[in-house]
Amino acid sequence: MPDDKVKRRLTTVLCADVYGYSRLMEADEAGTLEALRRSRAAIARLVERHDGRIVNTWGDAVIAEFASVVEAVQSAIEIQQEISDQESVAPQASSMRFRIGINLGDVMVDGTNIYGDGVNIASRLQELADPGGVVISSSVYDQVHNKLSVGFDCLGQRPMKNIAPLTSYRLTLGGQAAGQAGLPLQENRTPSQSARAPGIDDRREPSSSTNAVSDWLGRLPRPVAVALTVSAFLITINLFTGAHKIWFHWPVAIILLGAALRTVLGRRPERDRS
């Protein structure tokens, strides 16, 4: 009897889609189709180089699968780099940028095609990517974050159509979203929302003494900060104009006393001031 059982496997799915494809076709059909042909040829070559295979192409989308998660991500990076190089010499009207999503998940196999949530999630992740960028699922991040010399910016849990929210990560190169040269990352993320792969930008430069003092003064009440600044200025003048005669202690004492009184009085409840 024939075996009608659905075959499944765990695989890494890459979904690539052209950003603004309809707009490009409206502006220049022939140029857009030619750019799409060149881009697909580059994608197919780079997917094959990393031991992947093209599963399907429809419209402006490309679906590929890889046995290795690391190879899939590396392939995505090279795809965006090569297409960016092509774009730099293409006419503006037909310049083409892809968004890429990558997911590691269970898929259903039907001949050479694959289906299921594993594919759908990759498709939704590419919708979260910037033009020229790459977004990966947390399952992919867990496998590659300590194996590739790239950064990862956590996007948190973003709502996706017909897909349960899941944590995703945006690839970053040199402190910028992959493929987005000249566009800095958003600065409103918290430390828990940001992750870096070892090997790139994971050694922070220590703060200079000037910056440390500035930060410390910024946390003090304004009158105290001003008084300390003026006092330091007076002490410096005294030391450089004649350290044998100390005179800064009296004006500094008066300034600090005034700042302390102003701070204390400024914090009194309003009823105590009547």
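Just so it is clear, the model here is predicted, and its values are computed rather than measured.

## Section: the pattern of salt bridges
According to the stated counting rule, one finds 10 salt bridges in the structure shown. Here R37 ties to E34 by a salt bridge, and the two come within 2.5 Å at their closest N and O atoms. Of this pair, R37 and E34 both sit in helix 2 (residues 29–49), 3 residues apart, roughly one helical turn. Residue R45 is joined to E82 by a salt bridge in which the shortest nitrogen-to-oxygen separation is 2.1 Å. Within this pair, whereas R45 is found in helix 2, its partner E82 is found in helix 3 (residues 69–88), the two being separated by 37 residues in sequence. Accessibility expressed as a relative area gives 22% for E82, which makes it partly exposed. Through salt bridges with shared partners, a single network forms among R9, R53 and E65.

## Notes on the packing of aromatic side chains
Any two aromatic rings considered together are summarised by their centre-to-centre distance and by the angle between their planes. For the coordinates displayed, the defined rule picks out 2 aromatic pairs. On the basis of an interplanar angle of 80° and a centroid distance of 5.3 Å, the ring pair of Y141 and F152 is categorised as edge-to-face. With Y141 in helix 5 (residues 138–144) and F152 in strand 7 (residues 151–160), this pair connects stretches of sequence that are 11 residues apart. Summarising the burial analysis for this pair, Y141 and F152 share the class buried.

## Focus: the nonpolar core
Core analysis: the biggest nonpolar cluster contains 37 residues, and V73, I102 and I136 have the highest contact counts within it. Take this core: its biggest share by element is 7 residues, from helix 3. Those residues in contact with I102, other than ones at most four positions away along the chain, are T12, V13, L14, A72, V73, A76, L125, V134, V135, I136, S137 and V140.

## So, the environment of S22
Inspection of the secondary structure puts S22 in helix 1 (residues 21–27). Since its relative accessible area comes to 59%, S22 is described here as exposed.

## Quick notes on helix 4 (residues 117–128)
End to end, helix 4 covers 17 Å across 12 residues, agreeing with the expected 16 Å (1.5 Å per residue, within 8%). Here helix 4 has its buried residues at G118, V119, I121, A122, R124, L125 and Q126.

## Considerations on unusual backbone geometry
For D51, which is not glycine, the phi torsion reads 60° and is therefore positive. Residue placement: D51 occurs in the loop between helix 2 and strand 2 (52–58).

## Observations concerning the confidence of the model for the chain
Overall, the predicted model of the chain reaches an average pLDDT of 78, with 73% of residues at or above 70. Here strand 10 (residues 194–196) stands out as the element of the chain with the lowest mean pLDDT, 44, in contrast to strand 6 (residues 134–137), whose mean of 96 is the highest. A low-confidence stretch, residues 181–208 (pLDDT under 50), is modelled with 46 contacts involving residues beyond four sequence positions or located in other chains. This stretch, residues 269–274, has a pLDDT under 50; its non-local contacts, to residues over four places away or in other chains, come to 4 contacts.

## Some thoughts on the side chain of E78
By the element assignment, E78 lies in helix 3. There is a polar contact of 3.2 Å between the side chain of E78 and the side chain of R49. Only 3.1 Å separates the side chain of E78 from the side chain of H50, close enough to count as a polar contact.

## Observations regarding helix 2
The α-helix advances 3.6 residues per turn, and as a result positions three or four apart in sequence lie on the same side. In this model helix 2 runs 30 Å from its N-terminal to its C-terminal C-alpha over 21 residues, within 8% of the 30 Å that 1.5 Å per residue would give. For helix 2, every residue scored as buried is listed here: G31, T32, A35, L36, S39, A42, I43, L46 and V47. Looking straight down helix 2, one finds that the buried residues subtend no more than 135° of arc, so they occupy a single side. Looking at helix 2, the residues exposed on the side facing more than 90 degrees away from the buried face are A30 and E48. Between a side-chain oxygen at the N-terminus of helix 2 and the backbone nitrogen of G31 the separation is 3.0 Å; the capping residue is D28. Just beyond helix 2, the residue with positive phi is D51, at close to 60°.

Cut-offs applied
Every chain is numbered on its own, with residues counted from 1 as its sequence reads. Residue-level local features of this predicted model are given only where pLDDT is at least 70; pairs of side-chain atoms are given and counted only at 80 or more, and the full residue set underlies all totals for whole chains, interfaces and linings. With hydrogens and water stripped out, all remaining heavy atoms of the structure feed into the side-chain values. Here, a salt bridge means any side-chain nitrogen of Lys or Arg that lies within 4 Å of a carboxyl oxygen of Asp or Glu. Strands here mean DSSP runs of E at least two residues long; helices mean DSSP runs of H or I at least four residues long; both are numbered from the N terminus. The classification of residues rests on relative accessible area computed with a 1.4 Å probe and restricted to protein chains. Under 20% of the type maximum is buried, over 50% is exposed, and intermediate values are partly exposed. Pairing of aromatic side chains here covers Phe, Tyr and the six-membered ring of Trp, requires ring centres within 6.5 Å, and sorts the geometry by plane angle: under 30 degrees stacked, over 60 edge-to-face, intermediate tilted. Take the buried Ala, Val, Leu, Ile, Met, Phe, Trp, Tyr and Cys residues and link them wherever side-chain atoms come within 4.5 Å; each set so joined is a nonpolar core. The contact rule is simple, with two residues in contact once any of their heavy atoms fall within 4.5 Å. Take the number of residues in a helix, subtract one, and multiply by 1.5 Å to get its expected span. Values of pLDDT, the confidence the predictor places in each residue, fall between 0 and 100. Pairs of N or O atoms within 3.5 Å make up the polar contacts considered here, provided that, within protein, one atom can donate a hydrogen while the other can accept it, and that residues adjacent in sequence are counted only when both atoms are side-chain atoms. Comment: arc refers to directions from the helix axis out to C-beta atoms.

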